[in-house]
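Chains, contacts and geometry: an overview
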Amino acid sequence: MPNATLSEPAAAFANEQRPRSMVYRATASVVVFALPIIAFLLIWEVAVRLGWVDATILPPPSTIVRRGWVLLNPSDLGQSILLAHIGVSLWRALISFALAAVLAIPLGFFLGLNKTAYLIVSPLLSLLLPLPAVAWTPIFLVSFGQGDLTIVAVCFLGAFFPILYSTIQGVRGIGRHSLWVVRSMGAGWFDIFRRVLLPGALPTLISGLKLGMAHSWRTLVAAEMLAALSHGLGFMIFAARSYMDVSTMFVGIVCLAVIGLLIERAVFGSLEAVTIRRWHGTGKLGSNR
Amino acid sequence: MSVETSDVRLERYDLSTAPFGAMVGIGRAALIVVPLILWELCSRFGLINGFLFPPPSMILYKLWVQSGPIGNPPYAIWWHVAYSMLRLLSGITLAVGIGTLIGVALGMSRRARLVFQPIISILMPVPTLAWTPVLLLLIGIDNRTTILVVFLAAVFEMIYIVASGIEMMNVKMLWVAQSMGATRWQIFWRVIIPGIFPYLITGTRLGTGYAWRALIAAEMLAASSYGLGFMIYDASEYMNMDVIYGGVMLIAVLGYVLENVLIGKIEAATTEKWGVLNER
């Protein structure tokens, strides 16, 4: 049939057209996003090459990339200096974040549910919340000396208060009515926790965890500059200062930014997607109200 | 601090409106006073290490001496506080000014957004303090380094909030102003600035929080003579625990005053004047 021969390629064309335009749109948005960055790097490179900027203070991007490649030592990743620094930094940040979460979340649930306790503690909390975690460093430096213990303790404090605060806010944000309804229908404490408190507090809790991780990561840099003995990205950057090794410093800065972004987007983004979509259907924050 | 992580607002605890039962009052006082008394007694009687935990009375006495004419240098505490505040204020002023300008440019012009948004979004996730060593090499141990770190800590928040504030504004207001023959300049001052004012205040509050944290750390790394951060870090080199504790207490109180009292006052005054409520 002539009809079929005509419509078949037309259908195939229509089928092909859609994904191609989507791919096209995706690449276009990537290009539009990347273009200014590339232009920015090019201007930087050219400015240094032409001698407008002192290369010892602001090395061109190509030098920084080469330096990063040398530090990464891709031929023998087991001996990679950069990976060792990154590993130590990540380990410290994760340990202190995990400790903070384990302690702050139960305490947050307790303070969120118990109004009297919350009112009693709140002045102390509002005093400790704006206190920069780095300010504890000198105390820990004298008590524990330089090293991992001091760094982990400082990062722990950096992560603890944001997580505690948002857990409290999340639990307090749950309407009393939903608690009463579930209780009147004879739910036990575990059921209330699992079906009402946890899902209800979760959006705020997760953004608190995200904030806590971000604080832990940012505090880590300062703590490592002040108190690290041998490893860590902050230590790498600060030690490079003594040798005027600016390209190493920029390699460290890039690593810090990329890892921070990865943790925030990849880890917490997917965590948010999984849990909140499961409990709140629409996948939007705040849709439980 | 990046955009995604800032959506948990550090709200003020409303101390005044809380139902103030007698038990709560006693509990609040006890939570602060009892540990202090215990600390004092344990330290005095040698139950805890008196070197690592000097009694609170000694810490307060040290603060008192250091803020008087016989301190070393005289009136030291006041100088430290003054330097810190000066750096904070200059950094924040710079951040508010430049952040507002860039934010308005990004919010108003599609072209500016296309060009600058990618660059800003790759600079934003860099921890502010990571810039400190670079600035140290670039500028040296100087007030300018700490001020720039404070600026960097606050400016991205300002840009982001101002730009999104403009995007939230009703386009019809612009049309009305334009149709009545307002010039660009008039639109900027009469429509846009009042329109973004609540966002400006919110941005300043959040930015001040980040800037305060960055300032203390930057002073530990990059100050040579004065500043609260320098004071406690310098004291740790000489193991003056009483100065460290005094400094941390001072930093906590000043942070509280900055975040709750000062910014709260400004917020209340402006929202009253402009008749807009801050979204929380």
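Here is what the cut-offs are and how they apply
- Residues numbered from 1 in each chain as written.
- Chains lettered and ligands numbered in written order.
- Predicted model: local features only at pLDDT ≥ 70, side-chain atom pairs only at ≥ 80, totals over all residues.
- Helix = DSSP H or I, 4+ residues; strand = E, 2+ residues; numbered from the N terminus.
- Buried ≥ 20, exposed ≤ 12 C-beta atoms within 10 Å, placed from the backbone.
- Contact = placed C-beta atoms within 7 Å.
- pLDDT = per-residue confidence, 0-100.
- Expected span 1.5 Å × (residues − 1).

Another point: the overall build of chain B. Per the secondary structure count, chain B includes 10 helices and zero strands. Secondary structure elements of chain B, listed N to C terminal, follow the sequence α-α-α-α-α-α-α-α-α-α. Each of the 280 residues in chain B was classed as buried or not, and the buried ones make up 40%. In chain B, of all internal contacts separated by at least 6 residues, the share reaching a separation of at least 24 is 68%.

Take the interface of chain B and chain A next. Taken together, the contacts link 53 residues of chain B with 56 residues of chain A. Taken together, the elements giving at least two residues each to the side of chain B that touches chain A come down to helix H1 (22–44), helix H4 (110–123), helix H5 (131–139), helix H8 (184–222), helix H9 (228–237) and helix H10 (241–274) of chain B. In terms of residue count, the dominant contributor to the side of chain B that touches chain A is H10 of chain B (nine residues).

Before going further, it helps to spend a moment on the environment of Gly46 of chain B. Residue and element names in this part refer to chain B. Structurally, the position occupied by Gly46 is in the loop between H1 and helix H2 (56–66). For Gly46, a count of 8 C-beta atoms within 10 Å corresponds to the exposed category. Considering only alpha carbons, one finds Gly46 and Ala76, 30 residues apart in sequence, at a separation of 30 Å.

Another point: the confidence of the model for chain A. Residue and element names in this part refer to chain A. Predicted confidence across chain A gives a mean pLDDT of 82, with 88% of residues reaching 70 or more. By mean pLDDT, the top-scoring element of chain A is helix H3 (residues 81–113) (92), and the lowest-scoring one is helix H1 (residues 2–49) (71). Ignoring residues within four places in sequence, the model shows residues 1–7, a span with pLDDT below 50, making zero contacts including any to other chains.

In a regular helix each residue adds 1.5 Å, so 26 residues correspond to 38 Å; helix H6 (residues 148–173) of chain A covers 37 Å between its end C-alpha atoms and thus fits that length. Counting buried positions along H6 of chain A gives 22 out of 26 residues, so the element sits mostly inside the fold.

What follows deals with the environment of Tyr245 of chain B. Residues and elements named next belong to chain B. When you line up the elements, Tyr245 lands in helix H10. Along the chain, Tyr245 and Leu47 lie 198 residues apart, while their C-alpha atoms are 19 Å from each other. Setting aside its immediate chain neighbours within four residues, Tyr245 contacts Pro54 and Ile59.

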